[in-house]
Amino acid sequence: MDIRSLKLAYFSPTGTTAAIVEAIAEGLGYDVAEDADITMPQARQEPLHASADELLVVAVPVYGGRIPLLLEPWLRSLQLDGTPVVCVVVFGNRAFEDALIELADIVTGQGGVVLGGAAFIGEHSFSSDKYPVAVARPDADDLRGAEDFGRKVRQALDALADIDEAPKPAIPGDRPYKERTPRGPVDFISVGEECVLCGVCAEQCPVGAIDEADFKSTDPEKCIMCCACIKVCPEHARSAKSGSPVEGFAKWLNGNCAERKEPAYFL
Ligand SMILES: Cc1cc2nc3c(=O)[nH]c(=O)nc-3n(C[C@H](O)[C@H](O)[C@H](O)COP(=O)(O)O)c2cc1C
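Only a predicted model underlies this, so the values are computations on that prediction, with no experimental measurement involved.

1. Focus: the overall build of the chain
So, point 1. Looking only at helices and strands, one finds seven helices and 10 strands in the chain.
So, point 2. By the compact-globule yardstick of 18 Å for 267 residues, the chain fits well, its C-alpha radius of gyration being 19 Å.
So, point 3. Within the chain, the proportion of its 267 residues that are buried is 49%.
So, point 4. A separation of at least 24 residues holds for 82% of the contacts in the chain among residues at least 6 apart in sequence.
So, point 5. Summed over all atoms, the accessible surface of the chain reaches about 12600 Å², with 50% contributed by carbon and sulfur.

See the structure below:
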């Protein structure tokens, strides 16, 4: 099949999903016509459309075994028209559960044809010096795997005469999807003395939860616990409050999800 160009769409508050997408795109080797990083709110105002002779790679982190809830409206605004799509999720070495099938279902509902899927591992958003989880992943092996996956998708597309002939990938997951964990406002960010009020945290917050007039204040109603502000702080002034549920979960993950998991591919 002739693919005119590649479109990329990804949400990546702490950068692991973006790194995987970049490696997959490298392996695919098509010209990139659109690089839709939908991490920031303004980018989620722009709808994306793709035609039957373009390939779309759509990638999101796993939140609670599902796709991040805040992405649903944008994903459901995708305008696809028999567009071949590769669905990718990135999880923090616990489990990806129903996230990949949920993403594939949404994309199919928007007119895409899911050619393949993959689940990669990224450093857990809650990972800290005290409770490290999947630190520095994706690593070189993961990125090689992502590039190889891109090459395999390219080979599969090159061998296809028509999208209708594409074999359906066996994407794992249950329907109905895992229930989302109900949660109220989360107030878990601690800001230490090191804070110099540079505002990098507010610039990088995907939901505008950090007060522009007082960078030390985070709106618990808006916060999605992505931990981007903690990871980007140049002064290492931000952390999960001691005794907070996020710190508790990091401790649990550190104890229970220490064994290295490997990426999974569905083609
Ligand atoms: C609110 C929240 C929920 C998460 N839930 C899961 C999960 O269910 N399973 C898992 O393995 N990782 C989970 N993670 C970890 C992220 O999926 C993982 O760290 C991912 O690499 C983050 O992607 P990013 O770097 O693109 O932001 C969660 C992270 C957050 C912030």
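2. Some words on the packing of helix H1 (residues 16-28) against helix H4 (residues 140-159)
So, point 1. Following both chains from N to C, one finds H1 and H4 inclined at 40 degrees, their axes separated by 7 Å at the closest point. Between H1 and H4, the angle is such that the two are oblique. As H1 runs across H4, the sense of the crossing is right-handed. Listed contacts from H4 to Ala 19, Ile 20, Ala 23, Ile 24, Glu 26, Gly 27 and Leu 28 of H1 are Leu 143, Ala 146, Glu 147, Phe 149, Gly 150, Arg 151, Val 153 and Arg 154.

3. A closer look at the layout of surface pockets
So, point 1. Empty space within the largest pocket amounts to approximately 1100 Å³.
So, point 2. Those elements that place two or more of their residues in the lining of the largest pocket are H1, strand S6 (83-91) and helix H7 (245-256).
So, point 3. Looking at which element gives the most residues to the lining of the largest pocket, the answer is H7, with three residues.
So, point 4. Among the residues making up the lining of the largest pocket, the classes are represented as 23 nonpolar, 12 polar and eight charged.
So, point 5. Counting the residues that make up the lining of the largest pocket, at least three belong to each of domain 1 (5-176 + 261-266) and domain 2 (189-240).
So, point 6. Estimates place the volume of the second largest pocket at around 470 Å³.
So, point 7. Taken together, 19 residues make up the lining of the second largest pocket; nearest its centre are Ser 127, Ser 128, Asp 129, Ile 230 and Ser 239.
So, point 8. For the lining of the second largest pocket, the elements supplying multiple residues, two or more each, are helix H6 (228-232), strand S9 (238-240) and H7.
So, point 9. Residues belonging to the lining of the second largest pocket are distributed by class as follows: eight nonpolar, five polar and six charged.

4. Focus on empty space enclosed by the protein
So, point 1. Within this structure, the stated rule accounts for three cavities of 30 Å³ or more.
So, point 2. The volume enclosed by the largest cavity comes to roughly 100 Å³.
So, point 3. Lining the largest cavity we find 15 residues, and of these Cys 205, Cys 223, Cys 226, Cys 227 and Cys 229 sit closest to its centre.
So, point 4. Its boundaries defined by the atoms lining it, the second largest cavity holds a volume of some 70 Å³.
So, point 5. In terms of lining residues, the second largest cavity is bounded by 13 residues, among which Cys 195, Cys 198, Cys 201, Cys 233 and Arg 238 are the most central.
So, point 6. Of the residues in the lining of the second largest cavity, the class split is 11 nonpolar, one polar and one charged.

5. What about the side chain of Arg 66?
So, point 1. Along the chain, Arg 66 falls in the loop between strand S4 (54-61) and helix H2 (72-75).
So, point 2. With residues up to four places along the chain from it excluded, the contact list for Arg 66 reads Pro 61, Ala 99, Glu 102, Tyr 177, Lys 178, Glu 179 and Arg 180.

6. A few points about the pairing of S4
Look at any regular strand and the pattern is simple: side chains alternate between the two faces of the sheet.
So, point 1. For S4, a buried count of eight out of eight residues is recorded, marking the element as mostly surrounded by other parts of the structure.
So, point 2. The side-chain alternation of S4 yields two buried faces, one formed by Glu 54, Leu 56, Val 58 and Val 60 and the other by Leu 55, Val 57, Ala 59 and Pro 61.
So, point 3. Bridging between strand S1 (residues 5-10) and S4 involves six bridges; their strand directions are parallel. Each residue of the ladder has a partner; that of Tyr 10, found in S4, is Ala 59.
So, point 4. Inspection of the sheet shows S4 paired to S6 by six bridges, in the parallel sense. Counterpart to Pro 61 in the pairing with S6 is Val 90.

7. A word on the pattern of salt bridges
A pair can form between side chains of opposite charge whenever their charged atoms are brought close.
So, point 1. Following the criterion strictly, the structure yields 22 salt bridges and no others.
So, point 2. Across the salt bridge formed by Asp 53 and Arg 4, the nearest N and O atoms sit 3.1 Å from each other. You can see Asp 53 sitting in the loop between strand S3 (49-50) and S4 and its partner Arg 4 sitting in the segment before S1, a full 49 residues away along the chain.
So, point 3. For Asp 53, a relative accessible area of 30% gives the class partly exposed.
So, point 4. Salt bridges sharing common partners tie together Arg 4, Lys 7, Glu 34, Asp 53 and Glu 54.

8. Some words on H4
So, point 1. With 20 residues, H4 extends 29 Å between its outermost C-alpha atoms, agreeing within 8% with the 28 Å of an ideal straight helix rising 1.5 Å per residue.
So, point 2. By the burial criterion, the buried members of H4 are Asp 142, Gly 145, Ala 146, Phe 149, Gly 150, Val 153 and Leu 157. End-on view of H4: buried residues confined to an arc of 140 degrees, all on one side of the axis. Exposed side chains of H4 directed beyond 90 degrees from the buried face belong to Ala 140, Gln 155 and Ala 159.
So, point 3. Those residues of H4 hidden inside the fold are in contact with H1, S4, S6, strand S7 (112-121) and strand S10 (264-266).
So, point 4. Measuring from the backbone nitrogen of Asp 141 back to the side-chain oxygen at the start of H4 gives 3.2 Å, which picks out Asp 139 as the cap.

Scoring rules and cut-offs
- Residues numbered from 1 in each chain as written.
- Predicted model: local features only at pLDDT ≥ 70, side-chain atom pairs only at ≥ 80, totals over all residues.
- Heavy atoms only, no water.
- Helix = DSSP H or I, 4+ residues; strand = E, 2+ residues; numbered from the N terminus.
- Rg over C-alpha atoms; globule rule 2.2 N^0.38 Å.
- Buried < 20%, exposed > 50% of the residue type's maximum accessible area, 1.4 Å probe, protein only.
- Contact = heavy atoms within 4.5 Å.
- Areas by Shrake-Rupley, 256 points an atom, 1.4 Å probe, with all protein chains shown as cover.
- Axes fitted to C-alpha atoms, helices over the stretch in contact; angles between N-to-C directions.
- Parallel < 35°, antiparallel > 145°, perpendicular 65-115°, else oblique.
- Left-handed = near helix turned anticlockwise from the far one by under 90°.
- 1 Å grid on protein atoms, 1.4 Å probe; cavity = no way out; pocket = protein on both sides within 12 Å on 5 of 7 lines; lining within 4 Å.
- Points joined across faces, edges and corners; volume = space filled by probe spheres on them.
- Nonpolar A, V, L, I, M, F, W, Y, C, P; charged D, E, K, R; others polar.
- Domains from an automatic or database assignment.
- Pairing = 2+ DSSP bridges.
- Salt bridge = Lys/Arg side-chain N within 4 Å of Asp/Glu carboxyl O.
- Expected span 1.5 Å × (residues − 1).
- Arc of directions from axis to C-beta.
- Polar contact = N/O pair within 3.5 Å; in protein donor to acceptor, adjacent residues only side chain to side chain.

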